[in-house]
Amino acid sequence: MLNGFKTFIMKGNVVDLAVAVVLGSAFGAVVTALVDSVLMPLISALVGSPNFDDFAKVTIDGNDIMFGVLLTGIVNFLLVAAAIYLVVVLPMNKMIARRNRTLGIVQEEPAVDPQIALLTEIRDSLATRP
């Protein structure tokens, strides 16, 4: 039983997943710091408040309905998504494209489905008829 457990733990997938989780949590701290320390203060400077929690607050029968909390969550999500795109995805895509150009790797276009090619030909033929 212990030997089987050791074999399971030493598989590449488990180790890769563990490394990804650790790096993901560390990177999450970086993104959170970027959003909390840079982007939210910029929005606060523009709007006057670092969050929108008190915005669109409605009281019905003594119960507070706080649409601003939802708005704050949406803005935070968009800021985190933008930060990840600008800091990770965009530079990574450029780096991969540069590497592929250097190595001469050309991405092949996917093969066209024969049925779609036939339908396209039929459509074009019908379009030329009077």
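About the criteria used
Residues numbered from 1 in each chain as written. Predicted model: local features only at pLDDT ≥ 70, side-chain atom pairs only at ≥ 80, totals over all residues. Heavy atoms only, no water. pLDDT = per-residue confidence, 0-100. Helix = DSSP H or I, 4+ residues; strand = E, 2+ residues; numbered from the N terminus. Expected span 1.5 Å × (residues − 1). Bend = angle between axes of the 7 residues up to and from the residue. Pairing = 2+ DSSP bridges. Salt bridge = Lys/Arg side-chain N within 4 Å of Asp/Glu carboxyl O. Buried < 20%, exposed > 50% of the residue type's maximum accessible area, 1.4 Å probe, protein only. Core = buried A, V, L, I, M, F, W, Y, C linked by side-chain atoms within 4.5 Å. Contact = heavy atoms within 4.5 Å. Polar contact = N/O pair within 3.5 Å; in protein donor to acceptor, adjacent residues only side chain to side chain.

*Asks:* Looking at this model, I keep getting lost on the confidence of the model for the protein chain. Mind explaining?
*Replies:* In regions of low pLDDT, the predicted coordinates are not meant to be interpreted in detail. A residue-level look at the protein chain finds 99% of positions with pLDDT of 70 or above and a mean pLDDT of 84. For the protein chain, the element scoring lowest by mean pLDDT is helix α1 (residues 2-9), at 80; helix α4 (residues 114-128) scores highest, at 90.

*Asks:* Quick question: what am I supposed to make of helix α3 (residues 67-103) here?
*Replies:* For an α-helix, 3.6 residues make a turn, and residues three or four places apart therefore share a direction. Compared with an ideal rise of 1.5 Å per residue, which puts 37 residues at 54 Å, α3 spans 52 Å between its outermost C-alpha atoms and is within 8% of the ideal. The largest bend in α3 is about 40°, located at Y85. Positioned one or two residues after α3, G104 has a phi angle of 75°, which is positive.

*Asks:* Sorry if this is basic, but what is going on with the pairing of strand β1 (residues 57-60) here?
*Replies:* Direction of pairing for β1 relative to strand β2 (residues 63-66): antiparallel, over a ladder of four bridges. Its bridge partner being in β2, K57 is matched across the sheet by M66. Counted along the chain from β1 to the antiparallel partner β2, the turn is two residues long, and its residue D61 has a positive phi close to 55°.

*Asks:* Explanation requested: the pattern of salt bridges in the structure shown.
*Replies:* If charged atoms from side chains of opposite charge come close, those side chains can pair. In total, this model carries two salt bridges according to the counting rule given. Of the charged contacts in the structure, one is a salt bridge between D124 and R123, with a shortest N-O distance of 3.1 Å. For D124, a relative accessible area of 39% translates into the label partly exposed.

*Asks:* Please explain the environment of G24 as it appears in this structure.
*Replies:* Assignment of secondary structure puts G24 in helix α2 (residues 12-47). Between the C-alpha atoms of G24 and A127, which are 103 residues apart in sequence, the distance is 53 Å.

*Asks:* Quick question: what am I supposed to make of unusual backbone geometry here?
*Replies:* Among all residues except glycine, the phi angle is most often negative; among peptide bonds, the trans geometry is most common. With phi around 55°, D61 is a residue other than glycine that occupies positive phi space. Topologically, D61 is positioned in the loop between β1 and β2.

*Asks:* Can you help me understand the nonpolar core in this one?
*Replies:* Here is a general trend for soluble globular proteins: nonpolar side chains tend to be buried in one another's company. V31, V35, M40, I43, F52, V75, L79 and A83 form the largest nonpolar core, which has eight residues in total. Of all elements in the fold, only α2 and α3 reach the threshold of two or more residues within this core. No other element matches the four residues that α2 contributes to this core. In this view, F52 contacts I43, V47, G68, V69, L71, T72 and V75; residues no more than four positions away in its chain are not counted.

*Asks:* Just to check I follow, could you spell out the side chain of T72 for this structure?
*Replies:* Along the chain, the position of T72 falls in helix α3. Look past the residues within four positions of T72 in its chain and what remains in contact with it is N51, F52 and D53.

*Asks:* When you look at the environment of D64 in this model, what are you seeing that I'm missing?
*Replies:* Examined against the element boundaries, D64 turns out to sit in strand β2. Along the backbone, D64 and R129 are 65 residues apart, and their C-alpha atoms lie at a distance of 65 Å. Residue contacts for D64: discarding those within four places in its chain leaves K57, V58 and T59. Within the structure, the side chain of D64 is placed 2.8 Å from the side chain of T59, a separation counted as a polar contact.

*Asks:* What exactly am I supposed to notice about α4 here?
*Replies:* Compared with an ideal rise of 1.5 Å per residue, which puts 15 residues at 21 Å, α4 spans 21 Å between its outermost C-alpha atoms and is within 8% of the ideal. Burial runs low along α4: only zero of the 15 residues are buried.

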